[in-house]
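# Notes for the structure review
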Amino acid sequence: MAANGALDARRELIDKWDRRHRQASDSGRIAEVLEQNLHLLPETGSDALDLACGRGANAILLAQQGMRVRAWDFSPEAIAVVERAAREAGVELIAECRDVIDQPPRPATFDIIVVSFFLERCLVSPIVQALRPGGLLFYQTFARDAVSAMGPSNPEYRLGAGELLELFRSLRPRVYRDEGRLGDPRRGCRDIAMLVAEKPA
Ligand SMILES: C[S@@+](CC[C@H](N)C(=O)[O-])C[C@H]1O[C@@H](n2cnc3c(N)ncnc32)[C@H](O)[C@@H]1O
C-alpha cells in the first residue's frame, strides 16, 4: 500500500514536470556555475553527466565543448526536448529517461557532473562516488538567503548558509559563491549558491 502510494506520488511529480517542460519552448537556461567556469573543464572526450537535466541547456553546452555527454531526467517530455535540441545544435549526446533517485550514477563513471536547480540530499554520496579521481562537480541551486522570491517556497528545497560546501566537504572546493543579501542586491549572482569542486586524485 505504502509502496503504491509512493509510486503514485512519483507519477504525479513526473506528470507535473512533463507539463512544465511541454509548455516551454526552448532548452532552458545555461547554469551560471557552468557558464562562468567553462575554462575549468578538462580536455575534450571526458565523460560528463547533466543530472536532472531538464530540457538540457547544460548538456548541450557540454557537448559543444567536446565532452561525451549523458543527460538524465525522469520527465519524458524533457528528454524529448533535449534530443531535439541536440539534433538542431548538431551535437551528439545520450539523453535518458531515468529516475536518478532510484538509479543514481554508478561509482567512478564521470569526469564531470553538473547539477543545476535540483536538490536531493540523498544523492550527495552517489554523486561524490560517481566522480572519477580529479573529476569536477558543477553545482548550483536556490539558497534560502535570497534577494527575490524566485524558486521554491519550501525551505527544504533551498540551500542553507554554507550548506553546499558542507554537503560536498569531501571534495576540494575550487569556486564557491553564495552572496546572500550582502551589498548592492541588484548586482552579482543572487538567490543561488554555486560550487565547483574537485575530487581528490
Ligand atoms: C528545476 S528543474 C532543473 C532542470 C535543469 N537542471 C535546469 O537547470 O534547467 C528540475 C528537474 O529535475 C527533474 N527531476 C526531478 N526529480 C527527478 C528524479 N528523481 N530523477 C530524475 N529527474 C528528476 C525534473 O523533471 C526537472 O526537469
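The preceding data block contains the structure.
All of the points below concern the structure found in this document. (Residues numbered from 1 in each chain as written. Predicted model: local features only at pLDDT ≥ 70, side-chain atom pairs only at ≥ 80, totals over all residues. Heavy atoms only, no water.)

## Concerning the packing of aromatic side chains
What characterises a pair of aromatic rings is the spacing of the ring centres plus the angle enclosed by the ring planes. What counts here: Any two rings among Phe, Tyr and Trp, with Trp reduced to its six-membered ring, count as a pair given centres within 6.5 Å; such a pair is stacked if its planes are under 30 degrees apart, edge-to-face if over 60, and tilted if neither. Secondary structure elements follow DSSP: runs of H or I no shorter than four residues count as helices, runs of E no shorter than two count as strands, and numbering proceeds from the N terminus. Only protein chains enter the accessibility calculation, which uses a 1.4 Å probe; a residue is then buried when its area is under 20% of its type maximum, exposed when over 50%, and partly exposed in between. Two conditions define a charge located above a ring, namely a distance within 6 Å from the ring centre to NZ of Lys or CZ of Arg, and an angle within 35 degrees of the ring normal.
Tallying each qualifying case throughout the model produces three aromatic pairs. Taking the centre distance of 5.9 Å and the plane angle of 80° together, the rings of Trp 72 and Phe 110 count as edge-to-face. One end of the pair, Trp 72, is in strand S2 (residues 68–73); the other, Phe 110, is in strand S4 (residues 110–116), with 38 residues separating them in the sequence. With respect to class, Trp 72 is no different from Phe 110; both count as buried. With centroids separated by 5.5 Å and ring planes inclined at 45°, the aromatic side chains of Tyr 139 and Phe 168 adopt a geometry described as tilted. In this pair, Tyr 139 sits in strand S5 (residues 131–142) while Phe 168 sits in the loop between helix H6 (163–167) and strand S6 (172–177), placing the two residues 29 residues apart along the sequence. In terms of burial, Tyr 139 and Phe 168 fall into one category: buried. The cationic tip of Arg 20 hangs over the ring face of Trp 17; the distance from NZ or CZ to the ring centre is 4.6 Å.

## Thoughts on the sheet that holds strand S3 (residues 94–97)
Rules: DSSP calls a pair of strands paired once it identifies at least 2 bridges connecting them. Only the contacting stretch of a helix is used when fitting its axis, a line to C-alpha atoms as for every element, and angles between N-to-C directions run 0 to 180 degrees. Any two residues having at least one pair of non-hydrogen atoms within 4.5 Å are treated as being in contact.
In spatial order, the strands read S3-S2-S1-S4-S5-S7-S6; together these seven strands make up an open sheet with mixed pairing. With partners counted over all chains shown, the strands left at the sheet margins are S3 and S6, one partner each. Across this sheet, the average inter-strand angle for adjacent strands is 15°, counted without regard to direction. Where S6 meets strand S7 (residues 192–198), five bridges bridge the pair, whose relative direction is antiparallel. Its bridge partner lying in S7, Tyr 176 is registered against Leu 195. Along the sheet, helix H4 (residues 76–89) contacts S2 and S3; its crossing angle with S3, the most-contacted strand, is approximately 170°.

## As for the nonpolar core
How we decide: What makes a nonpolar core is a set of buried Ala, Val, Leu, Ile, Met, Phe, Trp, Tyr and Cys residues whose side-chain atoms join them at distances within 4.5 Å.
Leu 62, Met 67, Val 69, Leu 93, Ile 112 and Phe 138 are the most contacted members of the largest nonpolar core, which totals 31 residues. It is helix H3 (residues 57–64) that provides the largest number of residues to this core, a total of five residues. In this structure Met 67 touches Leu 41, Pro 42, Glu 43, Thr 44, Gly 45, Ser 46, Ala 48, Leu 62 and Ile 112, once residues within four positions along its chain are discounted. Counting 23 residues, the second-largest nonpolar core is a separate cluster that includes Ile 113, Leu 119, Ala 130 and Leu 131.

## What to know about H4
Short version of the rule: A helix is expected to reach a length of 1.5 Å times the quantity of its residues less one.
With 14 residues, H4 ought to run about 20 Å at 1.5 Å a step, and its terminal C-alpha atoms sit 20 Å apart, in line with that. Note on H4: the residue one or two positions beyond its end, Gly 90, has a positive phi of about 70°.

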